[in-house]
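Letter by letter, the chains look like this.
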Amino acid sequence: MHNLSLKTLSERLQRRELTSVELTQHFLDRIARFDGELNSYVTVTPELALDMAKEADERLDRGEGHRLTGIPVAHKDIFCTRDVKTSCGSKMLDQFLSPYDATVVEKLNALGMPILGKTNMDEFAMGSSTESSYYGQTLNPWDKKAVPGGSSGGSAAAVAAGLAPVATGSDTGGSIRQPAAFCGISGIKPTYGAVSRYGMIAYASSFDQGGPMTRSAEDAAWMLEAMAGLDERDSTSVSLARTDYARDLAQPVKELKIGVPEEYFSEGLDNEVAETVQAAIQVLADQGAEVVPVHLPNKDLAVSSYYVLAPAEASSNLSRFDGVRYGHRCEAPKDLNDLYTRSRSEGFGEEVKRRIMVGTYVLSEGYYDAYYRKAQKLRRLVRDDFVKAFEQCDLIVGPVAPSVAFDIGEKTDDPVSMYLADLYTIPVNLAGLPAMSVPAGFAQGRPVGLHIIGPYFEEHKILQLAHQYQQVTDWHHSVATDYR
Amino acid sequence: MQDWEVVIGLEIHAQLTTQTKIFSGSSIAYGAEPNTQANLLDLGMPGQLPVLNKAVIPKAIRFGLAIGANIGRRSVFDRKNYFYPDLPKGYQTSQFSYPIVEDGGSLEIEVEGETRRIGITRAHLEEDAGKSIHDAFPGMTGVDLNRAGTPLLEIVSEPDMRSAQEAVAYARKMHELVQFLDICDGNMQEGSFRVDSNVSIHKPGTPFGTRAELKNINSFRFIEQAIEFEVARQIEILESGGEVVQETRLYDPERNETRSMREKEEANDYRYFPCPDLLPVVIEQADIEREAEAMPELPDAKRARYQQNWGLSEDDAQVLTASRAMSDYFETLVDLTGEAKKAANWLMGDLSKALNQAGLRIDQSPVTAKMLAGLMARVDDGTISGKMAKQVFSAMWDGEGHADEVIEAKGLKQITDEGAITEMVDQVLADHPDQVAAYQGGQEKMLGFFVGQVMKASKGQANPAQVNAVLKARLAQS
């Protein structure tokens, strides 16, 4: 039951062959059984989940349900959830009960999706391995020596291990796509502005974008439809012409022109990963898609640009965590400066402090032009590359990450090598484009993701290609032995 | 030895008259219980996002047009980062590089008969901080976030003023302007209009001296005193070979002195950068044209019109344009009565007196312009005398109704019937034969006596002019 598609679950719920309470209880049982070891959840909310499931059943009994009604969901702990601990993976918010719901949570609540709990993540979404969480490492269900990726590692691991049918995630530099790739699931980062950021704790506001993490492209289309849309409470949210993202799923890919950027297969990419991705591209070609070479010449500037701009925004976004109104406050502060210094020193972990320091530095008087302004220029160059590339193709495909999931602890002492793990995903965030990772096989026994990048607001096309690919492959049905 | 030249620039924070805060739906009404007007955004809760209150945009455009400045067609909100407990997000949202009102603006002031034009560098939109309260809890500081997020227009002048008098003239002119534009209520006691002065001195022909910033002065009189004190202080320092330190100083009106608050050298590097949560404010030509069309008549133009069209004196025109509410009242009254001079007399006479005594502003007057026009009409058509009108005005002020109601209730109708007056006159003359004889014997001042008797007989209601005329006629006959 835990490996079924949303469509199947929905049909059974609607026909009342299955109740939401049964389904929810099933996932709660699995969480109880497996998550002690896997650690994909920071908080499990059984009572809330079952209460919501009961309500969902009542709606379904009355025949008033939406197609997602009754299907439980896990939320990344970056989404504010009313009266539930919302920690963002940080000691700073260890005691924080959110007084309100994020828009994404509100929307899924309104559809009647019971909340199983809040999933583990890198602290304040800063990381690519979920190792920077205050709540300990989440394991990769495929190989417990490996990281699940990050920052949405908890959501990815939970879906991959069948501890949630679907989960929410957020992607600032690859935080949906990279863990999806590492855990062998599907995850889409929508166009910047498609999903409201209201109530999603900000890391780097001009990059942050929420999205679904699911077992398949079809599931992702269903979820994205439920999550996207204009929100007056988020000024950067966009009014969308259409949100029926599943509309083209059944369309064949033979009319599509697929661009393959040479720069995405250059030095640094693991050979076996490269071969796996090339094989996936061959499948698309066999299905009739036209494969053309494209260029993204400024790709190598992206990581540098990102690691100036994102920390700059983060240093300001995280200033509100000052120990004054909520969150961690140090014991017996001597004076105001002591209150600030100790509350923040104690409340934030190493990676967060590192990025606050970098961000503060690049915005400082005398350095702003050399770093922040220059990084903004690079950001435009990277975006322009994509705009040009999309004049020659409908979608761009390539690897999600340069390697499969790395070992726990492998990169924790070398932040730059950790940053480079995101070199294929970051350019997409700089440009604000939609992109997805879908399972495409294995290398060294660990999952590999296929990266599909689309033009602005063409998520439906990305999902179409992903779904068509999943019609002729079954990587997305693979489940790690322990969790079948 | 050459004299010191004083150089002053002002930064004025005008609180914009909106219903709600600049980025949240909380009320900005003054005087509420602490933290009752602070929602999740104002508290800086995680995940909260600002949404611009669009009502501030036309107000800023109107201001820019009124001072002749260029309007920023694409202005950008930046974050000014610093830590303070009354700054919940750890940054203030303000406009740094691209303000909504750009350069080119100015204001004309007059000091001792001389006019000068003071340049305005820029004006930008920003949010106010909350308030730290240091005296409410022993050993602790309280934070009230009601004010956090209140919309402000910060108006920055050029360092064009050369005396405390010029600075005050400029501040007063600005105070008048923002009220006439209906963008700020100008209430200095409540902090709706705050003036910070940058003061330095130098010898003419040499570069400007180091400036001190005088903050949070809440009356024009204190601005003048503070600047004068500060100038004297700086002269004393420089003439004894010392150096002026760049710093913020507070003015203490009780001791009439300025005191150092903090040295700017130690101040923060604010790390300004564009706020990624807010879109740039794009202003179209049509937005500017709409505000230009709706631009109210400004005080200088009003004063000229009052003098030219209505023949009022310069002083009267000044009094009648002391506030937007005053001129609105006055112009309504003139519209209704067509009598500018009489309207002016009422406003500057009985109405002002009553308002002063009650401590009310003109827009709080219990006697509205319409009510006063009703009263003036009854004087004009002879229903009541000018003296009665004062009585009716008092009654109206006390809430006894409109002029006609009061006149009716008090039976104040003036007797204008010629026959009735003649009858009363004849009776009085018949009752006082000795006095009639005296009058006719040349004691013409006796006329006053007869008028008094007739008015008494009529219970004050006879038209005095008619009584006079009839008396003279009858006395001449008999």
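Everything quoted here is computed from the prediction, not taken from an experiment.

**Q** In this structure, what is going on with the overall build of chain A? I would like to understand it.
**A** For chain A, the helix and strand inventory stands at 15 helices and 11 strands. Here the C-alpha radius of gyration of chain A, 21 Å, is about what a compact globule of 484 residues would show, namely 23 Å. Principal axes of the C-alpha set define a box for chain A whose edges measure 65 × 55 × 45 Å. In chain A, which comprises 484 residues, the share counted as buried stands at 66%. Carbon and sulfur atoms provide 49% of the accessible area of chain A, an area that totals close to 16500 Å². Across chain A, the mean location of the 48 positive side-chain charges is 3 Å away from that of the 65 negative side-chain charges.

**Q** Looking at this structure, how should I read helix α7 (residues 217-227) of chain A?
**A** Residues separated by three or four positions in an α-helix point in the same direction, a consequence of the helix having 3.6 residues per turn. All names here are of chain A. Burial within α7 is extensive, with 10 of its 11 residues counted as buried. All of the buried residues in α7 are Ala-217, Glu-218, Asp-219, Ala-220, Ala-221, Trp-222, Met-223, Leu-224, Ala-226 and Met-227. Of the residues one or two after α7, Gly-229 is the one with positive phi, at around 135 degrees.

**Q** Looking at this model, I keep getting lost on the nonpolar core. Mind explaining?
**A** Inside soluble globular proteins, nonpolar side chains tend to come together where they are buried. Residues Phe-124, Phe-386, Leu-450 and Leu-463 of chain A are the most contacted members of the largest nonpolar core, which totals 149 residues. The greatest single-element share of this core, amounting to nine residues, is contributed by helix α9 (residues 299-317) of chain A. The contact partners of Leu-463 of chain A, leaving out residues within four places of it in the chain, are Ile-188, Ala-217, Ala-220, Ala-221, Leu-224, Tyr-245, Leu-249 and Met-436 of chain A. Grouped together as the second largest cluster of nonpolar side chains are 62 residues, Ile-67, Ile-120, Ala-164 and Tyr-251 of chain B included.

**Q** Even after reading the chapter, I still don't get the interface of chain B and chain A, so can you show me in this structure?
**A** When the parts of a complex come together, some accessible area is lost, and that lost area is often taken as the interface size. Each partner contributes to the interface: chain B provides 29 residues, whereas chain A provides 37 residues. Here chain B and chain A share an interface that buries about 2800 Å² over both sides, 57% of which is from carbon and sulfur atoms. A per-residue breakdown of the area chain B buries against chain A is headed by Pro-46, Phe-83 and Arg-271 of chain B, which together make up 22% of the total. The partner of Asp-277 of chain B in a salt bridge is Arg-197 of chain A, and the shortest N-O contact between them spans 3.0 Å. Applying the counting criterion to the chain B and chain A interface returns 19 residue pairs in polar contact (both at pLDDT 80 or more). Secondary-structure elements contributing two or more residues to the side of chain B that touches chain A are β3 (78-81) and β14 (273-274) of chain B. The class makeup of the residues in the side of chain B that touches chain A is 19 nonpolar, five polar and five charged.

**Q** Would you explain the packing of α9 of chain A against helix α12 (residues 369-389) of chain A in this entry?
**A** Helix-helix packing: each pair is described by the crossing angle between the helix axes and the interaxial distance. Residues and elements named next belong to chain A. For the pair α9 and α12, interaxial distance at closest approach is 8 Å and the crossing angle is 135 degrees. It follows that α9 is oblique to α12 by the angle criterion. Of the two possible hands of crossing, α9 and α12 adopt the one that is left-handed. Together, Lys-299, Leu-301, Ala-302, Ser-305, Val-308, Leu-309 and Ala-312 of α9 and Tyr-371, Tyr-372, Ala-375, Gln-376, Leu-378, Arg-379, Leu-381, Val-382 and Asp-385 of α12 make up the contact between the two elements. Of the residues that constitute the contact of α9 with α12, the class distribution is 11 nonpolar, two polar and three charged.

**Q** Any chance you could explain the environment of Ala-431 of chain A here in plain terms?
**A** Residues and elements named next belong to chain A. Within the secondary structure layout, Ala-431 lies in helix α14 (residues 426-431). Judged by relative accessible area, Ala-431 falls into the buried class, the value being 7%. Sequence spacing of Ala-431 and Arg-247 is 184 residues, and the spatial spacing of their C-alpha atoms is 25 Å. Apart from the residues lying within four places of it in its own chain, the contact partners of Ala-431 are Arg-383, Phe-386 and Tyr-456.

**Q** Honestly, a nonpolar patch on the surface in this entry has me stumped. Any pointers?
**A** Together, Tyr-361, Tyr-367 and Tyr-371 of chain A make up a nonpolar patch on the protein surface, roughly 280 Å² of accessible area in all. As for its placement among the helices and strands, Tyr-367 of chain A is situated in the loop between α11 (350-362) and α12.

**Q** What's the story with the pattern of salt bridges in this structure? I'm lost.
**A** Where charged atoms of side chains with opposite charge meet at close range, the side chains can pair. Residue and element names in this part refer to chain B. One pass over the full model with this rule turns up 65 salt bridges over all chains. Here Glu-291 and Arg-62 are joined by a salt bridge, their closest N and O atoms 2.9 Å apart. Pair noted here: Glu-291 is in helix α4 (residues 285-293) and Arg-62 is in helix α1 (residues 56-66), with a separation of 229 residues, a long-range link. Across the pair, exposure class does not vary: Glu-291 and Arg-62 are buried alike.

**Q** Looking at this model, I keep getting lost on the pairing of strand β9 (residues 395-399) of chain A. Mind explaining?
**A** In regular strands, side chains alternate between the two faces of the sheet. All names here are of chain A. Among the five residues in β9, five count as buried, and that is most of the element. Two strands pair when backbone bridges link them, and strand β7 (residues 257-261) and β9 are joined in this way by two bridges, in the parallel orientation. Among the inter-strand pairings, Gly-259 is bridged to a residue of β9, identified as Ile-396. Relative to strand β11 (residues 446-453), β9 runs antiparallel, the two sharing four bridges. The partner of Pro-399 across the bridge, within β11, is Leu-450.

**Q** Explanation requested: the layout of surface pockets in the structure shown.
**A** Vacant regions in the atomic arrangement are exposed by a probe of water-molecule size rolled over the atoms. Residue and element names in this part refer to chain B. Approximately 1300 Å³ is the volume attributed to the second largest pocket. What lines the second largest pocket is a set of 36 residues, among which Glu-176, Gln-179, Ala-322, Ser-323 and Arg-324 lie closest to the centre. If you list the elements that add at least two residues to the lining of the second largest pocket, you get β5 (105-111), α2 (164-180), α5 (299-310), α6 (314-320), α7 (324-337) and α8 (340-358). Of the residues belonging to the lining of the second largest pocket, the class tally is 12 nonpolar, 10 polar and 14 charged.

**Q** Explain empty space enclosed by the protein to me, please; I cannot follow it from the model alone.
**A** Residue and element names in this part refer to chain B. Considering all chains together, one arrives at six cavities of 30 Å³ or more under this definition. Put simply, the largest cavity is a space of about 100 Å³. Asp-42, Lys-89, Glu-127, Ala-148 and Gly-149 are the residues nearest the centre of the largest cavity, which is lined by 15 residues in total. Its residues assigned to classes, the lining of the largest cavity shows eight nonpolar, two polar and five charged. Counted as a void, the second largest cavity has a volume near 90 Å³.

Analysis parameters
- Residues numbered from 1 in each chain as written.
- Chains lettered and ligands numbered in written order.
- Predicted model: local features only at pLDDT ≥ 70, side-chain atom pairs only at ≥ 80, totals over all residues.
- Heavy atoms only, no water.
- Helix = DSSP H or I, 4+ residues; strand = E, 2+ residues; numbered from the N terminus.
- Rg over C-alpha atoms; globule rule 2.2 N^0.38 Å.
- Buried < 20%, exposed > 50% of the residue type's maximum accessible area, 1.4 Å probe, protein only.
- Areas by Shrake-Rupley, 256 points an atom, 1.4 Å probe, with all protein chains shown as cover.
- Lys, Arg positive; Asp, Glu negative; His and termini not counted.
- Charge placed at Lys NZ, Arg CZ, Asp CG, Glu CD.
- Core = buried A, V, L, I, M, F, W, Y, C linked by side-chain atoms within 4.5 Å.
- Contact = heavy atoms within 4.5 Å.
- Buried area = accessible area lost by both parts, 1.4 Å probe.
- Salt bridge = Lys/Arg side-chain N within 4 Å of Asp/Glu carboxyl O.
- Polar contact = N/O pair within 3.5 Å; in protein donor to acceptor, adjacent residues only side chain to side chain.
- Nonpolar A, V, L, I, M, F, W, Y, C, P; charged D, E, K, R; others polar.
- Axes fitted to C-alpha atoms, helices over the stretch in contact; angles between N-to-C directions.
- Parallel < 35°, antiparallel > 145°, perpendicular 65-115°, else oblique.
- Left-handed = near helix turned anticlockwise from the far one by under 90°.
- Patch = residues over 30% accessible without salt bridge, like charges linked within 9 Å, V, L, I, M, F, W, Y side chains within 5 Å.
- Pairing = 2+ DSSP bridges.
- 1 Å grid on protein atoms, 1.4 Å probe; cavity = no way out; pocket = protein on both sides within 12 Å on 5 of 7 lines; lining within 4 Å.
- Points joined across faces, edges and corners; volume = space filled by probe spheres on them.

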